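The residues making up each chain are set out below.
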2 protein chains.
Amino acid sequence: MMRTRPLKVALLGCGVVGSEVARIMTTHADDLAARIGAPVELAGVAVRRPSKVREGIDPELITTDAMALVKRGDIDVVVEVIGGVEPARTLITTAFEQGASVVSANKALLAQDGAALHAAAEEHGRDLYYEAAVAGAIPLIRPLRESLAGDKVNRVLGIVNGTTNFILDKMDTSGAGYSEALDEATALGYAEADPTADVEGFDAAAKAAILAGIAFHTRVRLDDVYREGMTEVTAADFASAKRMGCTIKLLAICERAADGESVTARVHPAMIPLSHPLASVRGAYNAVFVESEAAGQLMFYGPGAGGSPTASAVLGDLVAVCRNRLNDATGPGDSAYTQLPVSSMGEVVTRYHISLDVADKPGVLAQVATVFAEHGVSIDTVRQQGKDGEASLVVVTHRAPDAALGGTVAALRKLDTVRGVASIMRVEGE
Amino acid sequence: MMRTRPLKVALLGCGVVGSEVARIMTTHADDLAARIGAPVELAGVAVRRPSKVREGIDPELITTDAMALVKRGDIDVVVEVIGGVEPARTLITTAFEQGASVVSANKALLAQDGAALHAAAEEHGRDLYYEAAVAGAIPLIRPLRESLAGDKVNRVLGIVNGTTNFILDKMDTSGAGYSEALDEATALGYAEADPTADVEGFDAAAKAAILAGIAFHTRVRLDDVYREGMTEVTAADFASAKRMGCTIKLLAICERAADGESVTARVHPAMIPLSHPLASVRGAYNAVFVESEAAGQLMFYGPGAGGSPTASAVLGDLVAVCRNRLNDATGPGDSAYTQLPVSSMGEVVTRYHISLDVADKPGVLAQVATVFAEHGVSIDTVRQQGKDGEASLVVVTHRAPDAALGGTVAALRKLDTVRGVASIMRVEGE
């Protein structure tokens, strides 16, 4: 049975994502109404540039005053696709005060202020949904929050930034260096003019914080996430990776410690075996690998960005939030009951692939091996290559705490026979 | 805030899945309570063999009278993991009448009677959830029903039967024939003593019916699904597939027609390009590829069967259903509002890979090509191999209606110069 009074939606932001949300709300209005059980109506669209022509959107709906729209008093759901911390935070908080539910795609804001926003939603008995904030169209937040609600997630390992995956894939397949691959990504529109947020891992770190919090039912702040960008990955690193049967990906990794008493979250480039499902994720696609106690290994794959895919996720949330409004209920909210502490990077257990430039003379390997042993790091393989008095030593370790691995590298740098550390890369996914 | 009165769960069936459900409900009781907002209590377990020792389950909970358990009057949720149509159907219907919600893993029953069961759930204002019925632990029903509720799904293409994927993978990697690979699957416990339901595609067809109904918001009955098993796939077919850069998988394919006015659902072996994400799904794993208008291409991957993975899906549903009970609400129920007709296999547009044994003499190719042209089927490639008066002709067609392709093959069989049709395989995923 269909309710006839429509649910009113305020759309904040009308860029690539917002315009797609508006378009689909109009062209697929009948489907949305059937799935929700009531029609949804676009009640207003807040934009920065009102003069821009927006095909398919009634000009009367356009306003530059987002706050007035949110405060109008008749809005059931606010869809926030502005991005950035302010004014989005104030607008969302106001929306809850006004009795609206909120659908957001704002990873930066959620990673920074998720707890406060969830608290505001709960205080007013409303929903805060944000599937689109992580990995675009890929259903991930809902599967973690709901499908796996009866399971215990131990690990989330993902490619959650399309720009950097495009660049690394390019380097892998063409042998290009970082700058060259970045230039191509920029020319094709996969990288922004200022690519810092992507290539330095800030975007992925925000997503890692959100994923870790949901996966482990605890609170993980952006500052808790260890972050290394991928600007220093070289063609030589890819050559080394290939020799090991690996490729290199920028990974977001959220893990529960072996004793279950703490969690970690980190973003850095890493070698992963070519046989790992994440190794074959090409171009700007995203994929997230989830390991849980009962389900085992799951993977979710799809487009991680773009107007239409992100709009798909926003609209899925919009349908859910509207259904909840009609039911006078709310969906699963914040779940941080475990209050597990977040350990630092030093406590993460991982493996290193280390390339050293060393003197080509007897005894060097013994010296180097001694340093590893002194730090309690066990060596898996060593490969030595020498010519003309110069030599390189490639060491792959067994699993050890990152602090011990870091300490080993620092001590190696002090050896007379070690001329330089050419590269250090973690090895994951084995 | 935690409600203290527990929600009472009746577990029907305590085999590989049921015993895992009971185990996790006990060992993870605190987590489940925190995530639901109230404790859940295992109130009774209906089994066939009460004498069997069931570790971790209070013997007082065991009963052989499933109906009495369902009718006890204090059950909030019935978890049905018996399988098969009866007595499961009657038990579930009674559960709704008694005011309980139901979580089921029963694909056969849902494919056959989903509409009636959904109607019973709705009549009594209760939930019917069944994530575990399709692709085990992989979140698929919920993403299709909820995450993609604002999108338009056009295609679902999946490996939804682990037994047959194990067999086909074995044939692919080892060059083994069907019988040999089946024997190994049986020895390793991947195939049942009577493998008919798996190898003849009945299991996959039930899942295809469920997926098509949810994806297209319409009603697809088991009888609507075209079904071909994979017992006739040969080592020679794999060799042909390799020559085309393909492998062979048993696929469940649900499609919306190009004009959007009808849908099809089918299960059959097919060649798919090695570059397709489904081609690299190994062993008994399942994976489902979803194409939708806004999201684009998504893939969901994971273990499709087994006690623990299936229990994970059941418990995720249990948490959701319990939350709904506390909210005095129901989740998204049946959604068949589009009422799109299901077209027959003849209307499916696909490609054929056909191997013909032909006479090795001039003019044969011209004759064969004429038959294709007469049926309006356009040829993509032809490969001719001949020796000692015998020859084989491998024809790969362009896309055409299955009826036209089938008609072509029938006409080819009547040609004097065609000694036999060695194999016919559809080509998908391009």
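Thresholds, definitions, all that
Residues numbered from 1 in each chain as written. Chains lettered and ligands numbered in written order. Predicted model: local features only at pLDDT ≥ 70, side-chain atom pairs only at ≥ 80, totals over all residues. Heavy atoms only, no water. Least-squares fit on C-alpha atoms with pLDDT ≥ 70 in both. Contact = heavy atoms within 4.5 Å. Buried area = accessible area lost by both parts, 1.4 Å probe. Salt bridge = Lys/Arg side-chain N within 4 Å of Asp/Glu carboxyl O. Polar contact = N/O pair within 3.5 Å; in protein donor to acceptor, adjacent residues only side chain to side chain. Domains from an automatic or database assignment. Helix = DSSP H or I, 4+ residues; strand = E, 2+ residues; numbered from the N terminus. Nonpolar A, V, L, I, M, F, W, Y, C, P; charged D, E, K, R; others polar. Buried < 20%, exposed > 50% of the residue type's maximum accessible area, 1.4 Å probe, protein only. Core = buried A, V, L, I, M, F, W, Y, C linked by side-chain atoms within 4.5 Å.

Describing the relation of the copies chain A and chain B
Under the fitted operation, chain A is carried onto chain B by 0.0 Å of movement along the axis and a turn of 180°, and the coordinates agree to an RMSD of 0.0 Å. Accordingly, the operation relating the two chain copies is best matched by a two-fold axis. Rotation axis and chain A: the residue whose C-alpha lies nearest the axis is Phe 300 of chain A, separated from it by 2.4 Å.

Some words on the interface of chain A and chain B
Each side of the interface is counted separately: chain A has 44 residues, and chain B has 44 residues. With both sides pooled, the region where chain A packs onto chain B buries about 3900 Å², and carbon together with sulfur makes up 54% of that total. Along the contact surface separating chain A from chain B lie two salt bridges. Between Arg 142 of chain B and Glu 146 of chain A there is a salt bridge, with its nearest N and O atoms 3.6 Å apart. Our enumeration of links across chain A and chain B arrives at 20 residue pairs in polar contact (both at pLDDT 80 or more).

Brief notes about the domain arrangement of chain A
All names here are of chain A. Once the domains are mapped, chain A shows domain 1 (7–136 + 307–327), domain 2 (151–303) and domain 3 (345–427). Centre-to-centre, using C-alpha coordinates, domain 2 lies 24 Å away from domain 3. Opposite the 15 residues of domain 2 that make contact, domain 3 presents 12 residues. Summing both sides of the interface, domain 2 and domain 3 together bury roughly 1200 Å²; the carbon and sulfur share of this comes to 63%. When the buried area of domain 2 at its contact with domain 3 is split by residue, Arg 243, Met 244 and Met 271 rank highest and sum to 37% of it. Close ionic contact of Arg 426 with Glu 228 constitutes a salt bridge, the shortest N to O distance being 3.1 Å. For the side of domain 2 that touches domain 3, the element with the most residues is strand S10 (residues 263–273), which contributes six residues. When grouped by side-chain class, the residues that make up the side of domain 2 that touches domain 3 number seven nonpolar, three polar and five charged.

Digging into the environment of Gly 302 of chain A
With respect to the element layout, Gly 302 of chain A can be found in strand S12 (residues 296–303). Judged by its relative accessible area of 0%, Gly 302 of chain A is buried. Note: C-alpha distance between Gly 302 of chain A and Val 47 of chain A (255 residues apart in sequence) is 29 Å. If sequence neighbours within four positions are ignored, Gly 302 of chain A has contacts with Ile 138, Tyr 285 and Asn 286 of chain A together with Gln 297 and Leu 298 of chain B.

Some points on the environment of Gly 44 of chain B
Residues and elements named next belong to chain B. One can find Gly 44 in strand S2 (residues 40–46). Taking relative accessible area as the criterion, Gly 44 reaches 1% and is therefore assigned buried. Linking Gly 44 and Arg 72, residues 28 residues apart in sequence, is a C-alpha distance of 9.8 Å. Discounting chain neighbours no more than four positions away, the residues touching Gly 44 are Val 9, Ala 10, Leu 11, Leu 61 and Leu 69.

Notes on the environment of Glu 180 of chain A
Residue and element names in this part refer to chain A. Its location among the elements puts Glu 180 in helix H8 (residues 178–187). On the accessibility criterion, Glu 180 (53% relative accessible area) is exposed. On a C-alpha basis, the gap between Glu 180 and Lys 170 in space is 9.2 Å, while along the polypeptide they are 10 residues apart.

Some thoughts on the nonpolar core
In terms of nonpolar packing, the biggest core is built from 160 residues, with Val 78, Ile 167 and Ile 210 of chain A together with Val 78, Ile 167 and Ile 210 of chain B touching the most fellow members. Excluding its chain neighbours within four sequence positions, the residues that come into contact with Ile 167 of chain A are Tyr 178, Ala 181, Leu 182, Ala 185, Val 199 and Met 230 of chain A.

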